[in-house]
Amino acid sequence: MTAGQSHAPRTGTAGAEATASADEGTSPSSAHPGGSVGRSSSRRRLSTGPSNWLLVPALSFFGVFALVPLAGVVVLSFFAWDGLGTPQFAGLAAWFQVFQDPVTLNAMWLTLLMTVLSYAVQFPLSLLLGVFMAGHQRYREVFSVLYFLPLLFSAAATGIAFKALLDPNFGISRAFGLDFLSQDWLGSPTFAFYTLIMVISWSFVPFHSLLYQAGVRQIPTSMYEAATLDGAGRVRQFFNVTLPQLKYTIVTSSTLMLVGSLTYFDLVFILTGGGPGNATRILPLDMYLTGFRSYEMGPASVIAVILVVVGLTLSLILNRVSGADRMESQMEGA
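The structure presented is a predicted model; accordingly, all values stated were derived computationally and were not measured. (Residues numbered from 1 in each chain as written. Predicted model: local features only at pLDDT ≥ 70, side-chain atom pairs only at ≥ 80, totals over all residues. Heavy atoms only, no water.)

### With respect to the overall build of the chain
Here's step 1: Secondary structure summary: the chain contains 15 helices and 2 strands in total.
Here's step 2: Expressed as a percentage of its 334 residues, the buried residues of the chain come to 33%.
Here's step 3: Across the chain, the fraction of contacts at a sequence separation of at least 24, relative to all contacts at a separation of at least 6, is 67%.
Here's step 4: Surface exposure of the chain reaches about 20300 Å², of which carbon and sulfur atoms provide 68%. (Helix = DSSP H or I, 4+ residues; strand = E, 2+ residues; numbered from the N terminus. Buried < 20%, exposed > 50% of the residue type's maximum accessible area, 1.4 Å probe, protein only. Contact = heavy atoms within 4.5 Å. Areas by Shrake-Rupley, 256 points an atom, 1.4 Å probe, with all protein chains shown as cover.)

### Concerning the packing of aromatic side chains
Here's step 1: Going through the model one piece at a time under the given rule, you end up with 18 aromatic pairs.
Here's step 2: Look at Phe79 and Phe89: their rings are 5.5 Å apart centre to centre, the planes differ by 80°, and that puts the pair in the edge-to-face class. Of the two residues, Phe79 is situated in strand 1 (residues 79-80) and Phe89 in strand 2 (residues 88-89); the sequence distance between them amounts to 10 residues.
Here's step 3: When its relative accessible area of 23% is taken as the criterion, Phe79 is described as partly exposed. (Phe/Tyr/Trp six-rings, centres within 6.5 Å; stacked < 30°, edge-to-face > 60°.)

### Here's the deal with the nonpolar core
Here's step 1: Within the largest apolar cluster, 19 residues are counted, with the highest numbers of intra-cluster contacts made by Met114, Tyr264, Val268, Leu271 and Ile282.
Here's step 2: Within the residue set of this core, elements represented by two or more residues are helix 5 (102-133), helix 9 (192-217), helix 13 (266-271) and helix 14 (283-292).
Here's step 3: With 5 residues, helix 9 is the largest single contributor of residues to this core.
Here's step 4: The next biggest cluster of nonpolar side chains, apart from the first, holds 13 residues, and it includes Leu127, Tyr224, Ala227 and Val241. (Core = buried A, V, L, I, M, F, W, Y, C linked by side-chain atoms within 4.5 Å.)

### So, helix 11 (residues 234-245)
Since the α-helix advances by 3.6 residues per turn, residues separated by three or four positions end up pointing in the same direction.
Here's step 1: Taken together, the buried positions of helix 11 are Gln237, Phe238, Val241, Thr242 and Gln245. All buried residues of helix 11 fall inside an arc of 125° around its axis, so they share one side. Facing away from the buried side of helix 11 by over 90 degrees, the exposed positions are Val235 and Arg236.
Here's step 2: Here the buried face of helix 11 lies against helix 5, helix 9, helix 10 (221-229) and helix 12 (247-260). (Arc of directions from axis to C-beta.)

### Some details on the packing of helix 14 against helix 15 (residues 297-322)
Here's step 1: Across the interface, helix 14 lies against helix 15 with an axial gap of 7 Å and an inter-helix angle of 160°. Judged by the angle between their axes, helix 14 and helix 15 are roughly antiparallel. Helix-helix and strand crossings are classified by hand; for helix 14 and helix 15 the assignment is left-handed. Residues Leu283, Pro284, Asp286, Met287, Thr290, Gly291 and Phe292 of helix 14 touch helix 15, and the partners they reach there are Met297, Pro299, Ala300, Ile303, Ala304, Ile306 and Leu307.
Here's step 2: Of the residues that constitute the contact of helix 14 with helix 15, the class distribution is 11 nonpolar, 2 polar and 1 charged. (Axes fitted to C-alpha atoms, helices over the stretch in contact; angles between N-to-C directions. Parallel < 35°, antiparallel > 145°, perpendicular 65-115°, else oblique. Left-handed = near helix turned anticlockwise from the far one by under 90°. Nonpolar A, V, L, I, M, F, W, Y, C, P; charged D, E, K, R; others polar.)

Structure below.
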């Protein structure tokens with residue numbers, strides 16, 4: 001046997017091993033334990049993404065400006081304090097006082113009523129306006145600018161303007177000479193609450209319309225073309241294409257509407273101050289009046305905790321019921 005013959009089997013074996021390694025998708029060098037560890041560690045780094053340390057600045061700000069004050073409010077709800085002296089521990093006295101105070105109980109009912117009614121007004125208006133403004137016709141662009149204007153005004157400017165317009169002495173009540181308009185819109189216990197709802201809706205509908213406009217423009221045109229080929233008209237396309245595709249936009253907008261209704265303060269304070277009587281004294285305003293006019297910081301802190309708990313509960317319920325936390329794709333069939 002020659003030297004060349006003796007080396008042939010070895011070469012063939014090495015070639016077979018290299019071929020087997022290539023078939024298995026690995027290289028001879030990767031078979032080394034150190035190489036496999038290096039590949040797995042790099043994969044682990046790629047799979048985990050950015051470092052969690054990048055969250056530290058945002059979490060720090062959130063903790064300092066949100067969690068710490070909230071914890072202070074929770075602690076203060078168990079104390080009696082007038083804002084000047086030394087807080088005295090009072091246990092659950094402030095909590096019992098809040099849930100036994102007829103003014104606060106009425107404020108809770110008014111807040112619930114305002115939440116439901118303002119949502120019933122804002123949701124359909126903003127949805128329809130958003131769908132309308134999603135078109136690319138020139139006249140729709142002009143209307144979009146007009147509808148967006150209320151969002152540019154501050155709450156103080158809006159409140160002062162509407163207070164002048166609704167004044168029974170020189171506002172719209174006198175401007176047109178119509179008996180229907182000759183009402184004391186903000187001074188009547190019958191009309192004041194519903195007038196507030198209309199002013200609030202006028203102020204916030206543009207923002208939600210903008211959300212729906214952006215959502216509609218994200219829907220593929222191929223879906224509308226397919227619906228048109230199937231013989232669907234505009235109304236049917238709205239209910240069968242537009243609404244399903246706006247699912248998560250509706251969830252976001254509804255969350256902002258419902259939770260935002262727990263924070264209405266500035267417009268109510270400027271327009272009515274909670275009056276006439278307590279006809280418009282909703283819970284955020286009641287919290288302010290209890291704490292900074294009656295100097296009862298304990299009950300005011302209790303009201304603040306109630307608002308936070310209700311707001312978080314509404315947000316969690318909306319996300320769980322809608323399935324928005326699972327983040328499914330809405331582009332099926334696109």
